[in-house]
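This is what each chain is made of:
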Amino acid sequence: MVAELIKGNEIAQAKRDEMKDEVARLKEEGVIPGLVVILVGNDPASLSYVRGKTKACKQVGINGKLIELPEETSEEKLLELIDHYNQDETCHGILVQLPLPDHISDTAIIEAISPEKDVDGFHPINIGRMMTGQRAFLPCTPFGIIEMVKMKGIPIEGKHVVVIGRSNIVGKPVGQLFLNENATVTYCHSRTANMKEITKQADILVVAVGKMHFVGKEFVKPGAVVIDVGINRKDDGKLTGDVNFEEVEQVASYLTPVPKGVGPMTITMLLQNTIQSAKWSHQTEGVH
Ligand code: GUN
């Protein structure tokens with residue numbers, strides 16, 4: 001068996017086409033979704049990510065604003081800026097690119113963003129709402145993974161989902177989202193004993209480790225769905241995942257490639273969260 005690819009780039013593009021129409025409709029009602037992206041410092045990878053985010057906004061008609069601040073910006077200054085956009089009714093989403101310089105507390109910054117504008121879904125209020133199944137902004141990569149699986153018509157309910165990785169941004173929340181969809185979820189991580197015995201039980205295996213080609217075919221049950229969240233750069237500069245693609249494609253039923261897999265979905269879900277935020281704020285206008 002050779003696995004069918006789940007082409008995130010194509011799913012992402014189809015979603016962005018739909019979003020374009022939705023944003024046009026919102027404009028007719030006088031609402032222009034607005035996203036403010038803040039970058040502190042000049043890390044080249046972060047700069048390329050935030051430029052990708054604001055460019056994607058423009059593609060679908062979202063008003064995306066990029067604010068680049070110098071490395072030495074104080075935490076106080078950044079908090080003031082966040083407060084300004086918390087009050088600004090034309091801004092529906094605030095994203096502060098991580099990691100921040102060492103003299104700024106990630107936690108303080110994330111908690112300063114209004115939960116109603118936290119389109120990254122990193123604020124503890126949104127994490128709590130997600131865990132309890134309330135209306136919440138969902139973190140973009142986990143949200144994108146669930147969307148890809150659903151778009152392919154892959155059943156989730158009752159399935160055994162194994163997640164390798166337990167980061168706050170991907171591993172922990174993606175397991176929670178699969179649990180919310182009535183899957184049975186197991187987490188594996190760097191201290192897990194007998195990892196392969198566990199991952200071989202997975203109907204859906206999510207790999208978010210950050211190590212090139214960590215998962216070979218001996219981790220995978222024949223016919224399993226394998227989602228590769230890794231982004232690693234090879235010596236030749238090309239991107240590759242946490243999964244040994246050539247091996248695993250021989251045993252899995254579905255597999256996400258790297259690049260053109262999970263990556264393109266992440267920004268797409270950020271756009272979706274921003275549009276959702278604009279709609280929610282519009283709906284509650286005058287309700288106070
Ligand atoms: N750094 C790496 N990924 C992300 C993300 O999804 N959001 C933010 N704000 N920073 C990041």
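Anything mentioned here points back to the structure above.
These lines cover the structure that appears in this document, whether it is placed above or below. (Residues numbered from 1 in each chain as written. Predicted model: local features only at pLDDT ≥ 70, side-chain atom pairs only at ≥ 80, totals over all residues. Heavy atoms only, no water.)

**Some thoughts on the side chain of Ser253**
In step 1: Note on placement: Ser253 falls in the loop between α9 (245-248) and β11 (254-255).
In step 2: At 2.7 Å, the side chain of Ser253 forms a polar contact with the backbone oxygen of Gly223.
In step 3: Once residues lying within four places of it in the same chain are set aside, the contact partners of Ser253 are Met1, Ala3, Glu4, Gly223, Ala224 and Val225. (Helix = DSSP H or I, 4+ residues; strand = E, 2+ residues; numbered from the N terminus. Polar contact = N/O pair within 3.5 Å; in protein donor to acceptor, adjacent residues only side chain to side chain. Contact = heavy atoms within 4.5 Å.)

**Re the site of the ligand**
In step 1: Taken together, Lys53, Leu95, Val96, Gln97, Leu98, Asp120 and Phe122 make up the full set of residues near the ligand.
In step 2: Take Val96: an N or O atom from its main chain is 2.8 Å from a nitrogen atom of the ligand.
In step 3: Separating a nitrogen atom of the ligand from a side-chain N or O atom of Gln97 is a distance of 3.2 Å.
In step 4: Surface burial for the ligand is 79%, taken as the share of its 280 Å² of free accessible area covered by protein chains.
In step 5: Assessed atom by atom at 2 Å from the grid points, the ligand resides in the largest pocket.
In step 6: Of the residues contributing to the shell around the ligand, the split by class is four nonpolar, one polar and two charged. (Near = heavy atom within 4 Å. Areas by Shrake-Rupley, 256 points an atom, 1.4 Å probe, with all protein chains shown as cover. 1 Å grid on protein atoms, 1.4 Å probe; cavity = no way out; pocket = protein on both sides within 12 Å on 5 of 7 lines; lining within 4 Å. Sits in = over half its atoms within 2 Å of the grid points. Nonpolar A, V, L, I, M, F, W, Y, C, P; charged D, E, K, R; others polar.)

**A look at the sheet that holds strand β7 (residues 204-207)**
In step 1: Taken in spatial order, the six strands make up an open sheet running β1-β11-β8-β7-β5-β6, and their pairing is parallel. Looking at strand neighbours, the two that pair on one side only are β1 (4-5) and β6 (184-188), the edges of this open sheet.
In step 2: Here four bridges tie strand β5 (residues 160-164) to β7, and the two strands are oriented parallel to one another. In the strand pairing of β7, Val163 is matched with Val206.
In step 3: In this fold helix α7 (residues 171-180) packs onto β5, β6 and β7, with an angle of close to 165 degrees to the strand it touches most, β6. (Pairing = 2+ DSSP bridges. Axes fitted to C-alpha atoms, helices over the stretch in contact; angles between N-to-C directions.)

**Quick notes on the pattern of salt bridges**
In step 1: Counted by the stated rule, this structure contains eight salt bridges.
In step 2: Its salt-bridge partner being Lys15, residue Glu147 comes within 2.8 Å of it at the nearest N-O pair. Of this pair, Glu147 sits in helix α6 (residues 140-151) while Lys15 sits in helix α1 (residues 8-28), and the two are 132 residues apart along the sequence.
In step 3: For Lys15, a relative accessible area of 10% puts it in the buried group.
In step 4: One salt bridge connects Glu22 with Lys279, and the closest N-O pair in it is separated by 2.5 Å. Remark: Lys279 occurs in helix α10 (residues 262-283) and Glu22 occurs in helix α1; sequence separation between them is 257 residues.
In step 5: Note on Glu22: relative accessible area 22%, which makes it partly exposed. (Salt bridge = Lys/Arg side-chain N within 4 Å of Asp/Glu carboxyl O. Buried < 20%, exposed > 50% of the residue type's maximum accessible area, 1.4 Å probe, protein only.)

These values are about where atoms sit, not about what they do.
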